[in-house]
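Notes for the structure review
What follows is the residue order along each chain.
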Amino acid sequence: MKKVLNRSLLTWFLAIAFFIGLGYFVVNLVIHSSEWAQKPMNAHLSVTGLAQAGDIYDRNGVLLATSIDGERYYSNDYSTRLAMLHTVGDDSVNISTALQSVYRTGLTGYNYILGLGLPDSFRSSSDINTTLDSAACAAAYNAMSKNNYKGACVVYNYKTGEVICDVSTPSYDPYEPVTIKEGDHTYDGVYLDNVISSTYPPGSTFKLVTAAAALETIEGSENRLLYCEGSKIIGGEYVTCVEPHGEINMKDAMAVSCNIYFAELAVELGPEKMTEYAEAMGFNKSFKLDANDIAMSRFSVKDADTAALAWSGVGQYTDMANPMHMAMICSAIANGGTPTEPYILESVNSLFNFKNILTDTHGKNGTRMIKSSTASKLGEMMRFTVSDYYGDSMFGDLHVAAKTGTAEVANGEPDGWIVGYVTDEGCPLAFAVCIEHGGFGFSSAGPVAYAALAASAKAVRGY
Ligand SMILES: [Zn+2]
């Protein structure tokens, strides 16, 4: 009798264990089906599925991608197709950060029980609405491609976090995917969205960080005068300027981009303070743009001697910066010290497979980078740089606060940068443009920024 009871208990135990296991599997299948479908081993599901995937729209409802009778179609406009390539994607998953790569499961309406086996009418393929303005992206793309520029251009609303313009070059037509030939560098890095996935030496745009550290640490530093003779030995090495700048305070030094002024401040601040402020402003930190990780900007002076520390303070040495992150720094300056988290994914019309993709940071404020008083001082300096040094005509009817950079690189012409924001009420746009080997930031990145800003302003203001 006891034996029978034992056997019966064992049977019950096994049965219960089986149902617990089954229950666990089913719950997991339901909860994590989207992730499973996105695993590389299940890529066959996705590639075939795109032919029936949902639509992708810009902020005005302009159709960027759709599927008709099993074919995937993109914008009718050539410039728009190339401008949107890195955010929309193509039929492949080569551009891993593109919407059609990241959200392919949701777009195709992958069903957790039947996979893609449901008849079309029962599928819940989802449409994606983005914050992007396709006209602004096309304008930025045209400004870059007419000079064969490679690089990144991003404009975003520093009050709401909406990314209006995100363009990466080189690009290609999604209808004509490129074949990369050995020895041909035309399409180097073509699968990277440079706005999200690349970093470049920041050059003089990094002076914003050095200035912030000095303003908050060294009393009276903004009024400190320096006589710039065009070159000076710091830590045994020559630090040079483009030309002698004469007697200048910090505001003048920012406007004329005096290397000696900021190199000396970096040395005086020392490696700990410089690192503290670089990190407070987002260097060595991770940020996200929707589901994508933004490439980390880097600042490291732990092995730097005095000369290297001096150069690190003007955005050289081993400093690296990501364009989206630089735009976030400008957002912080515009917002009294706190950046807005950027996002592209506005909404999705079906929550069936998409319930987890609208991130927590969607348009929220990020962590404070600098004090509010520092933000307003930096903002004044950047505004002065444009109004009194470059001239407002550079940006049409927009009032812009900006900092350019011309960053020396290992081989070839320097990278050209411009970062900043529009000060006009009703047009809260922060931006960053980096042109690889573009030379002077003012003349290479500047016109691209203007093209992107003028079109983005139209999208935000309506005129
Ligand atoms: Zn100088």
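These lines cover the structure that appears in this document, whether it is placed above or below. (Residues numbered from 1 in each chain as written. Predicted model: local features only at pLDDT ≥ 70, side-chain atom pairs only at ≥ 80, totals over all residues.)

1. What to know about the environment of Ser79
Which entries qualify depends on this criterion: Helical segments are the DSSP runs of H or I of at least four residues, strand segments are the runs of E of at least two, and each set is numbered from the N terminus.
Along the chain, the position of Ser79 falls in helix α3 (residues 78-88). As a C-alpha pair, Ser79 and Ser145 span 66 residues in sequence and 9.6 Å in three-dimensional space.

2. Things to note about the sheet that holds strand β5 (residues 151-157)
To keep things clear, this is the line we draw: Any two strands between which DSSP finds at least two bridges are classified as paired. Here, axes are lines fitted to C-alpha atoms. For helices the fit covers the stretch in contact, and angles between N-to-C directions go from 0 to 180 degrees. Throughout, a pair of residues is in contact if the C-beta atoms placed from their backbones lie within 7 Å.
Read from one edge to the other, the open sheet built from 5 strands follows the order β6-β5-β16-β15-β14, with strand pairing classed as antiparallel. The sheet terminates laterally at β6 (163-169) and β14 (400-407), the two strands that pair on one side only. Going from strand to strand, the sheet's axes swing by 5° on average, the running direction of each strand aside. As judged from the 6 bridges shared by strand β15 (residues 415-422) and strand β16 (residues 429-435), these two strands associate in the antiparallel manner. Looking at β16, one finds that Val419 is bridged to Ala432. Seen against the sheet, helix α6 (residues 134-145) touches β5 and β6 and runs at an angle of roughly 30° to β6. Together, β5, β6, β14, β15 and β16 form the strand contacts of helix α14 (residues 441-461), whose direction differs from that of β16 by roughly 145°.

3. Things to note about α14
What counts here: Each residue is classed by its C-beta neighbour count within 10 Å, where at least 20 other C-beta atoms makes it buried, 12 or fewer makes it exposed, and intermediate counts make it partly exposed; the C-beta atoms are placed from backbone geometry.
In terms of burial, α14 is a largely internal element, 15 of the 21 residues being buried. With its phi angle positive at about 90°, Gly462 sits one or two positions after the end of α14.

4. Quick look at the packing of helix α8 (residues 207-217) against helix α10 (residues 259-280)
Rules: To sort the angles, those under 35 degrees are grouped as roughly parallel, those over 145 as roughly antiparallel, those from 65 to 115 as roughly perpendicular, and the leftovers as oblique. Residue polarity follows a fixed list, in which Ala, Val, Leu, Ile, Met, Phe, Trp, Tyr, Cys and Pro are nonpolar, Asp, Glu, Lys and Arg are charged, and the others, Gly among them, are polar.
Here α8 crosses α10 at 85°, and the two axes come no closer than 9 Å. Taken together, the axes of α8 and α10 are roughly perpendicular relative to one another. Here α8 contributes Lys207, Val209, Thr210, Ala212, Ala213, Ala214 and Thr217 to the contact with α10, which in turn contributes Phe262, Leu265, Ala266, Leu269, Lys273, Met274, Tyr277 and Ala278. Partitioning the contact of α8 with α10 into residue classes produces 11 nonpolar, 2 polar and 2 charged.

5. Describing the environment of Leu107
Note that Leu107 resides in helix α5 (residues 104-108). Given 30 C-beta atoms within a 10 Å radius, Leu107 is considered buried. In this structure, the C-alpha to C-alpha distance between Leu107 and Ile128, residues 21 residues apart in sequence, is 7.7 Å.

6. Some details on α10
Condition: Here a helix's expected span is defined as the number of its residues, less one, multiplied by 1.5 Å. Given a residue, its bend is the angle between the two axes fitted to the seven residues that end at it and to the seven that start from it.
Here α10 contains 22 residues, and its C-alpha end-to-end distance of 22 Å is more than 12% below the 32 Å for a straight helix at 1.5 Å per residue. For α10, the principal kink sits at Gly270 and spans about 105°; a proline, Pro271, occurs within the next four residues. The set of residues buried in α10 consists of Asn259, Ile260, Tyr261, Phe262, Ala263, Glu264, Leu265, Ala266, Leu269, Met274, Tyr277 and Ala278. Phi for Gly282, located one or two positions after α10, is positive at around 105°.

7. Quick word on the pairing of β14
Of all 8 residues in β14, 8 are buried; the element is thus mostly enclosed. Side chains Val400, Ala402, Thr404 and Thr406 of β14 all project onto a buried face; the interleaved residues Ala401, Lys403, Gly405 and Ala407 project onto the opposite face, where all are buried too.

8. What to know about the environment of Ile164
As for its position among the elements, Ile164 is in strand β6. A residue is classified by how many C-beta atoms lie within 10 Å of it, and Ile164, with 29 of them, is buried. When the C-alpha positions of Ile164 and Cys137 are compared, they lie 7.8 Å apart, and in sequence the two are 27 residues distant. Those residues within four positions of Ile164 in sequence are excluded, and the remaining contacts are Thr131, Leu132, Asp133, Ala136, Val155, Tyr156, Asn157, Leu429, Ser456, Ala459 and Val460.

9. Quick look at the packing of α8 against helix α13 (residues 372-390)
We apply this condition: Here a crossing is called left-handed whenever its near helix is offset anticlockwise from the far helix by less than a right angle, and right-handed whenever the offset is clockwise.
Where α8 meets α13, the closest approach of the two axes is 10 Å, and the angle between their N-to-C directions is 135°. By the criterion of interaxial angle, the relationship of α8 to α13 is oblique. Crossing hand, α8 versus α13: right-handed. Contacts between α8 and α13 pair Leu208, Ala211, Ala212, Leu215 and Glu216 from the former with Thr374, Lys377, Leu378 and Met381 from the latter. A class-by-class count of the residues in the contact of α8 with α13 yields 6 nonpolar, 1 polar and 2 charged.

10. Let's talk about the sheet that holds strand β2 (residues 63-68)
Pairing between the strands of a sheet is mediated by backbone hydrogen bonds and can be parallel or antiparallel. The 5 strands are arranged β3-β2-β1-β4-β13 in an open sheet whose pairing can be described as mixed. Bordering the open sheet on either side are β3 (71-74) and β13 (345-348), each of which pairs with just one other strand. Pairing analysis gives 2 bridges linking strand β1 (residues 56-57) to strand β4 (residues 128-130), with the strands arranged parallel. Bridge pairing in β4 links Ile56 to Ile128. Docked against the sheet, α3 engages β1, β2 and β3, running at close to 75° with respect to β2.

11. Some words on the nonpolar core
A general tendency of soluble globular proteins is for nonpolar side chains to be buried together. The cut-off we apply is this: What we call a nonpolar core is a set of buried Ala, Val, Leu, Ile, Met, Phe, Trp, Tyr and Cys residues whose membership is set by joining through C-beta atoms within 7 Å.
Residues Ala140, Val154, Leu429, Phe431, Val433, Val448 and Ala452 are the most contacted members of the largest nonpolar core, which totals 135 residues. Looking at this core, the element that brings in the most residues is α14, giving 11 residues. Residues contacting Val448, with those up to four places away along its chain left out, are Ala140, Ala143, Met144, Tyr149, Cys153, Val433 and Ile435.

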